[in-house]
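Here are the chains, one letter per residue:
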Amino acid sequence: MPKALIAGNWKMNGLAADIAEARSLAEALAANGASCRVALCPPATLIAKMAWSLKGSPVAVGGQDCHSGLSGAHTGDISAEMLADAGASLVIVGHSERRADHGESDAVVCAKAQAAFRAGLEPIICVGETLDQRKAGRALDVVVGQVEGSVPLEAVDHGFALAYEPVWAIGTGLTPTLAEIAEVHAAIRATLRDRLGAAGAAAPILYGGSVKPANAAEILATAEVGGALVGGASLKAADFLQIVRAV
Ligand code: PGA
């Protein structure tokens, strides 16, 4: 089994002063070691500063999104190469907030994952159903469709992670039951294995959506859960550290 990945997604939160949280996380992990891989994905404005400050530490730095192109006339966008140049080694693509706020389709997310591979970044490719879709009994269909549309076939040759984040569990304090998480993760694993063979069998499948110190251990012990993508509880080093320690 590859090591689990615990990734923090700061979303649109964090100013230069908050790098101190990342430093204290890194210092705690350097002192006691970690049994999993750990990453923080701050807003783009902090990537270079955080990567510099965490250089040589056990905490990797990631972006929260990238453009699919290499460079060009795309005002406000950031390429995967720019993220790598700033010190990132991972990038989240297809987060449901990007899919909803910026109309990102599976095809767009797939192109972003390809850009990540091109730049040598490990993409964390996000999928997840809405509450209406779950109530209609369509959760598995929706998620499997997103995996098929968003994970490029080149993934056979690259490191990547998948993140299952039910939209209704993000930032709400609600979480699926462990059986529901296991059911979706099993369907994702089967789809990845079908499409990508051994690479699909090995990729970590993270759970995301209201992961906190109180529920991390049981979620992380669930079948086919290979880590977590953590929003709100990643902003404070003390909370995030408890989740890392729950692996
Ligand atoms: P949350 O966010 O942990 O605050 O629910 C998770 C995410 O959106 O990645």
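Whatever comes next refers back to the structure up there.
What you are looking at is a predicted structure, and each value in this text was computed from that prediction instead of being measured.

About the criteria used
- Residues numbered from 1 in each chain as written.
- Predicted model: local features only at pLDDT ≥ 70, side-chain atom pairs only at ≥ 80, totals over all residues.
- Heavy atoms only, no water.
- Helix = DSSP H or I, 4+ residues; strand = E, 2+ residues; numbered from the N terminus.
- Rg over C-alpha atoms; globule rule 2.2 N^0.38 Å.
- Buried < 20%, exposed > 50% of the residue type's maximum accessible area, 1.4 Å probe, protein only.
- Contact = heavy atoms within 4.5 Å.
- Areas by Shrake-Rupley, 256 points an atom, 1.4 Å probe, with all protein chains shown as cover.
- Near = heavy atom within 4 Å.
- Polar contact = N/O pair within 3.5 Å; in protein donor to acceptor, adjacent residues only side chain to side chain.
- Nonpolar A, V, L, I, M, F, W, Y, C, P; charged D, E, K, R; others polar.
- Salt bridge = Lys/Arg side-chain N within 4 Å of Asp/Glu carboxyl O.
- Phe/Tyr/Trp six-rings, centres within 6.5 Å; stacked < 30°, edge-to-face > 60°.
- Core = buried A, V, L, I, M, F, W, Y, C linked by side-chain atoms within 4.5 Å.
- Axes fitted to C-alpha atoms, helices over the stretch in contact; angles between N-to-C directions.
- Left-handed = near helix turned anticlockwise from the far one by under 90°.

1. Some words on the overall build of the protein chain
Summing up its helical and strand segments, the protein chain has eleven helices and eight strands in all. Relative to the 2.2 N^0.38 estimate, which gives 18 Å for 247 residues, the radius of gyration of the protein chain is 17 Å and therefore close to what a compact globule would have. In terms of overall dimensions, the protein chain has C-alpha extents of about 45 × 45 × 35 Å along its principal axes. Buried positions account for 51% of the 247 residues belonging to the protein chain. When contacts within the protein chain are restricted to residue pairs at least 6 apart in sequence, long-range pairs at least 24 apart make up 73% of them. Split by element, the accessible area of the protein chain, about 10,500 Å² in all, is 56% carbon and sulfur.

2. Some details on the site of the ligand
Not every one of the 13 residues close to the ligand is listed here, only the nearest: Lys11, His95, Glu165, Gly171 and Ser210. In this structure, an oxygen atom belonging to the ligand sits 2.7 Å away from a side-chain N or O atom of Lys11. A distance of 2.8 Å separates an oxygen atom of the ligand from a polar atom in the backbone of Ser210. In isolation the ligand exposes 280 Å². Once the protein is present, 95% of that is buried. Residues of the shell around the ligand, tallied by class, amount to four nonpolar, seven polar and two charged.

3. Thoughts on the environment of Val167
Of note, Val167 is situated in the loop between β6 (161-164) and α8 (178-196). In sequence terms Val167 and Leu70 are 97 residues apart; their C-alpha atoms lie 30 Å from each other. Apart from residues no more than four positions distant in its own chain, Val167 is found in contact with Ser96, Gly128, Glu129 and Thr130.

4. Regarding the environment of Ile47
Positionally, Ile47 belongs in helix α2 (residues 44-53). Separated by 36 residues in the primary sequence, Ile47 and Leu83 place their C-alpha atoms 7.7 Å from one another.

5. Digging into the pattern of salt bridges
Two side chains carrying opposite charge are able to pair once their charged atoms lie near each other. Across all of its chains, the model carries 13 salt bridges by this definition. The salt bridge partner of Arg134 is Glu129, with a shortest N-O separation of 2.7 Å. A residue is classified by how much of its surface remains accessible, and Arg134, at 18% relative accessible area, is buried. The salt bridge involving Arg134 is made with Glu180; its shortest N-O contact spans 3.7 Å. Of the two residues, Arg134 is situated in helix α6 (residues 131-135) and Glu180 in helix α8; the sequence distance between them amounts to 46 residues. For Glu180, a relative accessible area of 26% puts it in the partly exposed group. Members of the salt-bridge network, linked through shared partners, are Asp65, Arg98, Glu104 and Lys112.

6. Some remarks on the packing of aromatic side chains
Under the criterion given, the structure shown has one aromatic pair. Between Tyr164 and Tyr207, the ring centres sit 6.2 Å apart and the planes meet at 65°, which makes this aromatic pair edge-to-face. A residue pair is termed long-range when its members are at least 10 positions apart, and Tyr164 in strand β6 and Tyr207 in strand β7 (residues 205-208) qualify at 43 residues. The exposure classification of Tyr164 matches that of Tyr207, with both residues buried.

7. Digging into the nonpolar core
Within the largest apolar cluster, 65 residues are counted, with the highest numbers of intra-cluster contacts made by Ile6, Leu25, Val151, Phe160, Leu162, Ile188 and Leu192. Looking at this core element by element, the count peaks at six residues for helix α1 (residues 19-32). Residues contacting Val151, with those up to four places away along its chain left out, are Cys110, Ile125, Gln146, Phe160, Leu162, Leu192, Arg195 and Leu196. Ranked by size, the runner-up nonpolar core spans twelve residues in total, among them Leu5, Ala7, Leu206 and Leu229.

8. A look at the side chain of Asn9
Structurally, Asn9 is set in strand β1 (residues 5-9). A polar contact is formed between the side chain of Asn9 and the backbone nitrogen of Lys11, at a distance of 3.0 Å. Aside from chain neighbours lying at most four places away, what touches Asn9 is Cys41, Gln64, Ile92, His95, Leu229, Val230, Gly231 and Ser234.

9. Topic: the packing of helix α7 (residues 139-150) against α8
The contact between α7 and α8 brings their axes to 10 Å, and the two run at 30°. At the point where α7 passes α8, the crossing takes the right-handed sense. Residue-level inspection shows Leu140, Val143, Val144, Val147 and Glu148 of α7 in contact with α8, the latter providing Glu183, Val184, Ala187, Ile188, Thr191, Leu192 and Arg195. The residue makeup of the contact of α7 with α8, split by class, is eight nonpolar, one polar and three charged.

Fair warning: the whole summary comes from geometry, so function is off the table for now.
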